[in-house]
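In case you want the letters, here they are:
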Amino acid sequence: MSDTVLVVGGGPAGLSAAAGISAAGFKAVLVEKEDRLGGAPILSGYAKLVPSGEWAKDAIGRMVEQVEGDANIQVHKSTKVTKLDGDAGNFTATLSNGDTVQVGSVVLATGFTHFDSINKPEWGFGTFPDVLTTTQMEQMVGSGKITCPSDGRVPERVAILLCVGSRDRQIGREWCSKICCTVSANLAMEIKELSPETEVFIYYMDIRTFGLYEDKFYWKSQEEFKVKYVKARIAEVTASDDGRLLVKGEDTLVKRPIVIPFDIVVHAIGMDPNEDNPEIAETFGVGLEKHGYIDKAETYTNTCGTTRKGIYSCGAAYGPETIDDSIAQGKAAGLRAVADLSRA
Amino acid sequence: MAIHEKSLIEAERLKTADHLVIDGVDVSGHWNTMITPRTLCDYDEHFEKTIQKYGGGENVHRCWQCGSCTNSCTMYAQNVNFNPRYWIYLTRLGLKDELLKDKDIIWQCVSCNRCTHICPRDVRPEGVMKALAHWMEEEGITEKSPATVFDEEFWDQIAERGRIEDSEVLKNFFQKTGQELTQDWLVEMIKRMLKHLPFKHLFRSGKNAVMHPRTQSWGRTGEVLKQYVQEQKEAIHG
Ligand SMILES: Cc1cc2nc3c(=O)[nH]c(=O)nc-3n(C[C@H](O)[C@H](O)[C@H](O)COP(=O)(O)OP(=O)(O)OC[C@H]3O[C@@H](n4cnc5c(N)ncnc54)[C@H](O)[C@@H]3O)c2cc1C
Ligand code: SF4
Ligand code: SF4
Ligand code: SF4
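Source: prediction; values computed, not measured. Positions within a chain are numbered from 1, following the residues in the order the chain's sequence is written. Here chains are named by letter from A upward and ligands by number from 1 upward, in the order in which they appear as written. Owing to the predicted nature of the model, reporting of local features is limited to residues with pLDDT of at least 70; listing and counting of side-chain atom pairs is limited to 80 or more, with chain, interface and lining totals taken over all residues. Side-chain numbers come from the whole structure's heavy atoms, not from hydrogens or water.

**Quick word on the overall build of chain B**
Each helix and strand counted, chain B has 13 helices and four strands in total. With the principal axes as the frame, chain B shows a C-alpha extent of 85 × 45 × 40 Å. With 238 residues in all, chain B has 33% of them scored as buried. In these tables, accessible area is a Shrake-Rupley quantity obtained with a 1.4 Å probe, and a residue counts as shielded only by the protein chains included in the view. Summed over its atoms, the accessible surface of chain B is roughly 15600 Å², and 55% of this surface lies on carbon and sulfur atoms. In this description a helix means any DSSP run of H or I spanning at least four residues, a strand means any run of E spanning at least two, and both kinds are numbered starting from the N terminus. Working definition: with a 1.4 Å probe on protein chains only, accessible area under 20% of the residue-type maximum means buried, over 50% means exposed, and in between means partly exposed.

**Some points on the nonpolar core**
All names here are of chain A. The nonpolar core is taken to be a set of buried Ala, Val, Leu, Ile, Met, Phe, Trp, Tyr and Cys residues, with the residues joined through side-chain atoms within 4.5 Å. V7, V107, M137 and I160 are the most contacted members of the largest nonpolar core, which has 73 residues in total. Top element by residues in this core is helix α5 (residues 180-194). It accounts for eight residues. Both domains that furnish three or more residues to this core are identified here as domain 1 (4-111 + 274-343) and domain 2 (117-270). With near-sequence residues (within four places) excluded, I160 lies in contact with S184, A188, V200, F201, I202, Y203, V266 and A268. Here the limits of each domain have been adopted from an automatic or database domain assignment. Residues are treated as being in contact if the distance between any of their heavy atoms lies within 4.5 Å.

**Digging into the site of ligand 3**
Note on definitions. A residue lies near a molecule or strand when any single heavy atom of the residue is within 4 Å of it. Taken together, 13 residues lie around ligand 3, and C73, C109, C112, N113 and C115 of chain B are the ones closest in. At the level of elements, α3 (74-78) and α8 (125-138) of chain B are the ones that each hand at least two residues to the shell around ligand 3.

**Some thoughts on helix α1 (residues 12-23) of chain A**
A rise of 1.5 Å per residue sets the reference length of α1 of chain A, with its 12 residues, at 16 Å; its end C-alpha atoms lie 16 Å apart and thus fit the reference within 8%. The buried fraction of α1 of chain A is high, at 11 of 12 residues. In this scheme, a helix's expected span is set at 1.5 Å multiplied by one less than its residue total.

**Some details on the pairing of strand β2 (residues 27-31) of chain A**
Residues and elements named next belong to chain A. Taken across its five residues, β2 has four buried, putting it largely inside the fold. Pairing between strands requires that DSSP locate at least two bridges from one strand to the other. Bridge count for strand β1 (residues 4-8) against β2 is five bridges, and the pairing is parallel. Residue pairing for β2: V7 is matched across the bridge by L30. For crossovers, right-handed means that the path from the first strand over the helix to the second runs clockwise, given strands pointing away from the viewer. Handedness of the crossover joining β1 and β2 through α1 is recorded here as right-handed. Across four bridges, the pairing between β2 and strand β3 (residues 73-76) is parallel. Bridging across to β3, V31 finds its partner in H76.

**Here's the deal with unusual backbone geometry**
Omega for the bond connecting V50 of chain A with P51 of chain A falls within 30 degrees of zero, at -5 degrees, which places this linkage in the cis form. With respect to the helices and strands, the residue P51 of chain A is situated in the loop between α2 (40-43) and α3 (56-68). Positive phi values are uncommon outside glycine, yet N113 of chain B reaches one of about 65 degrees. Mapping N113 of chain B onto the fold places it in the loop between α6 (103-106) and α7 (114-118). Relative accessible area serves as the criterion here: at 24%, N113 of chain B is assigned to the partly exposed category. Backbone geometry at S217 of chain B places phi at a positive 50 degrees, although glycine is not the residue there.

**Things to note about the packing of aromatic side chains**
Here a Phe, Tyr or Trp ring, Trp counted by its six-membered ring, pairs with any other such ring whose centre lies within 6.5 Å, and the pair is stacked when the planes are under 30 degrees apart, edge-to-face when over 60, and tilted otherwise. Under the counting rule described, the total for this entry stands at 13 aromatic pairs over all chains. Consider the rings of W175 of chain A and Y293 of chain A, whose centres lie 5.4 Å apart with planes at 80 degrees: the pair is edge-to-face. Highlighted residues: W175 of chain A in the loop between β10 (157-164) and α5 and Y293 of chain A in the loop between α7 (277-284) and β18 (311-313), separated in sequence by 118 residues. Comparing W175 of chain A with Y293 of chain A, the two get one shared label, buried. When the ring of Y204 of chain A is compared with that of Y229 of chain A, the centres are 6.4 Å apart and the planes differ by 65 degrees; the resulting orientation is edge-to-face. Of the two residues, Y204 of chain A sits in strand β11 (residues 199-204) while Y229 of chain A sits in strand β12 (residues 228-231), which places them 25 residues apart along the sequence. Using a relative accessible area of 14% as the deciding quantity, one classes Y204 of chain A as buried. Y229 of chain A gets classed as buried once you look at its relative accessible area, which sits at 15%. Charge-over-ring placement is defined geometrically: NZ (Lys) or CZ (Arg) within 6 Å of the ring centre, and within 35 degrees of the ring normal. In this structure, R157 of chain A packs its charged tip against the face of F262 of chain A, placed 5.9 Å from the ring centre. The cationic tip of K255 of chain A hangs over the ring face of Y86 of chain B; the distance from NZ or CZ to the ring centre is 3.5 Å.

**Focus on the domain arrangement of chain B**
According to the domain assignment, chain B contains domain 1 (6-35), domain 2 (47-138) and domain 3 (146-237). Taken over C-alpha atoms, the centre of domain 1 of chain B sits 38 Å from the centre of domain 2 of chain B.

**Structural notes on the sheet that holds strand β14 (residues 245-251) of chain A**
Residue and element names in this part refer to chain A. Read across the sheet, three strands follow the order β13-β14-β15 without closing on themselves; strand pairing throughout is antiparallel. Of all the strands in the sheet, the pair left with one neighbour each is β13 (234-239) and β15 (256-262). Here the average twist between neighbouring strands, direction ignored, is 20 degrees. Bridge count between β14 and β15: seven bridges; the pairing is antiparallel. Considered in β15, the bridge of D251 is made with R256. The angle between two axes is taken between their N-to-C directions and runs from 0 to 180 degrees, where each axis is a line fitted to C-alpha atoms and a helix contributes only its stretch in contact.

**Some points on the sheet that holds β12 of chain A**
Residues and elements named next belong to chain A. Ordered by their spatial adjacency, five strands build an open sheet running β9-β16-β10-β11-β12, and the pairing between neighbours is parallel. What marks the edges here is a single partner per strand, and that holds for β9 (131-133) and β12. Recorded for the sheet is a direction-independent mean angle of 25 degrees between the axes of neighbouring strands. Pairing of β9 with strand β16 (residues 264-269), which is carried by three bridges, proceeds in the parallel orientation. By the bridge assignment, V131 is partnered in β16 with V265. Each of β10, β11, β12 and β16 touches α5; the most contacted strand, β11, lies at about 170 degrees to it.

**Topic: the domain arrangement of chain A**
All names here are of chain A. One can read the domain layout of chain A as domain 1 (4-111 + 274-343) and domain 2 (117-270). Inter-centroid distance (C-alpha atoms) of domain 1 to domain 2 is 32 Å. The quantity reported as buried area is the accessible area (1.4 Å probe) lost by two parts once they are put together, taken as the sum for both. Both sides together, the interface formed by domain 1 and domain 2 hides about 1400 Å², and carbon and sulfur atoms give 60% of it. Three residues stand out in domain 1 for area buried against domain 2, namely V50, P51 and P320, and they jointly supply 34% of the buried area on that side. Salt bridge, as used here, is a side-chain nitrogen of Lys or Arg placed within 4 Å of a carboxyl oxygen of Asp or Glu. Where domain 1 touches domain 2, the interface holds two salt bridges. In this structure, the salt-bridge partner of E193 is K48, at a minimum N-O distance of 3.6 Å. Two N or O atoms count as a polar contact when they lie within 3.5 Å, although within protein this holds only if one can serve as hydrogen donor and the other as acceptor, and sequence-adjacent residues are included solely when both atoms are side-chain atoms. Here domain 1 and domain 2 share seven residue pairs in polar contact (both at pLDDT 80 or more) between them. For the side of domain 1 that touches domain 2, a count of residues per class yields eight nonpolar, four polar and four charged. Classes in brief: Ala, Val, Leu, Ile, Met, Phe, Trp, Tyr, Cys and Pro nonpolar; Asp, Glu, Lys and Arg charged; the others, Gly included, polar.

**Structural notes on the environment of I171 of chain A**
All names here are of chain A. Along the polypeptide, I171 turns up in the loop between β10 and α5. Spatially, the C-alpha atom of I171 lies 28 Å from that of I42, the residues being 129 residues apart in sequence. Beyond its immediate chain neighbours, meaning those up to four positions away, I171 contacts F115, N119, K120 and G165.

As structure tokens, this is what we get:
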């Protein structure tokens, strides 16, 4: 009988699962393919998190310390699972570093992949140095200074384009990435804090700052930081002769075409299914849902289940998810996983 | 009160009674001018379905009003009143009166399909423009487009004889669309044909133009085809 759970992925969800398993008195083996723990917020260098306002390196850093300092959690970095034999209660996992581990259950916390803006060439990413993604803008905020990458000038105007790589049949992405509206409102306020003379405009089709994020982010950005929201889906980003960017679209409320000069354009990129998912599905024998995320079992009595017995999942592996919810789901998946151990 | 800025108000909304006496006071003419309000008072829920029955209109219900089609549109670049996004909105709610204010430009879509390739919801706005244009033609709201007149003439001859007679299609098309028969290019073409075509061909063309031969064993084929097309139309539009 195994007393160990295999946790795959060391982002917020996987860290939470591993810590929970240990707290319940069992052991966890945490396998992370990158050379650092922390997942997207650490690997991509996010600035202040929604909704806590804490810096990612502090908040998620605390989770990483907790796990790395726990003797009941064995961490394998720069490692993947290459093979999984056996059945629920009695799995043998082979790792890419040659180790094998005996585990009773598995938690897949393998998260998401950032949308690559190169797939939307009309919006200028990769062509103009001052067109950035939200992850790059988060890093700029982290550096403490807002400047145009092309020549270092302070931007007079920044445009944030929502839904880049989400909600778009043309590129086969029919989901909403859930957090990017709020992240963009938050980012707009961070930009204004660091560079008060910069004007920030957000181009939207719908604003989805759900639940308690409505007043804390959307309203606050409008009322206190004077961020302007324009209802238009941008068609094209080009450059003008003076080196500024031109944002073109239809302002749907004015019913007029717009061609507005900007200094920086930010893509609010979405959360794609993890690009490893086909491989993960194959290795672990779990199904994927129609968009390519890990398929969720019925949730009411098989919480955090997948299509395979003894294998659980949580967080952004299931679809676009927030950090707070990924952490809560990680704990829930850990609980399901240790329940299997105590029964075996 | 006289209204000084009448130019700002659509003429049909200004109501003035020539003779009106209220409580013994004569308020005839501009003293009683009223402006009817622009409040929208109803939706025509069936209109979206009607347009969806025309080829191309099927996906109109998917639109979320992002404006990408309008912005990419070839015709919008010429005329900012050419706004497929806005017309799709009116179609969905059944705001026909508003839509018909633009009846003279809706048909101007040039089918470049730039909208089709940019729409994030795969609405196919070009198809919707086509569906609206066809609906307006069928309702007699707009005149038949030259293309429709041509198609009808072409098809009538096929149904009748199983083949067309080029000269007759052209002649009838020009007549029905009020165009001169003696167009320069046509006169020139006929002149050259007379000069260069072998006599045998000319003779056969001339004979066909007068005799209108039918395709061999065409029989009732035309009638059957016509009936089939009619049935299909009825099945779709009820
Ligand atoms: C620009 C941006 C800003 C955001 N800001 C916020 C915010 O402020 N607040 C908020 O709530 N949410 C935010 N999010 C969402 C947040 O990133 C996710 O909620 C969170 O990262 C999900 O955690 P996770 O552990 O499920 O997945 P991830 O963070 O993706 O972690 C998955 C981990 O698994 C590893 N992994 C993947 N595949 C394998 C494999 N095959 N084998 C081994 N390891 C593997 C990865 O390397 C990674 O470490 C933001 C998202 C974006 C795009
Ligand atoms: S959360 Fe907002 S920006 Fe992100 S995909 Fe959804 S609607 Fe678009
Ligand atoms: S197909 Fe018609 S509506 Fe679409 S972009 Fe071209 S002209 Fe505009
Ligand atoms: S591009 Fe598509 S979804 Fe957007 S307004 Fe036009 S028809 Fe509607």
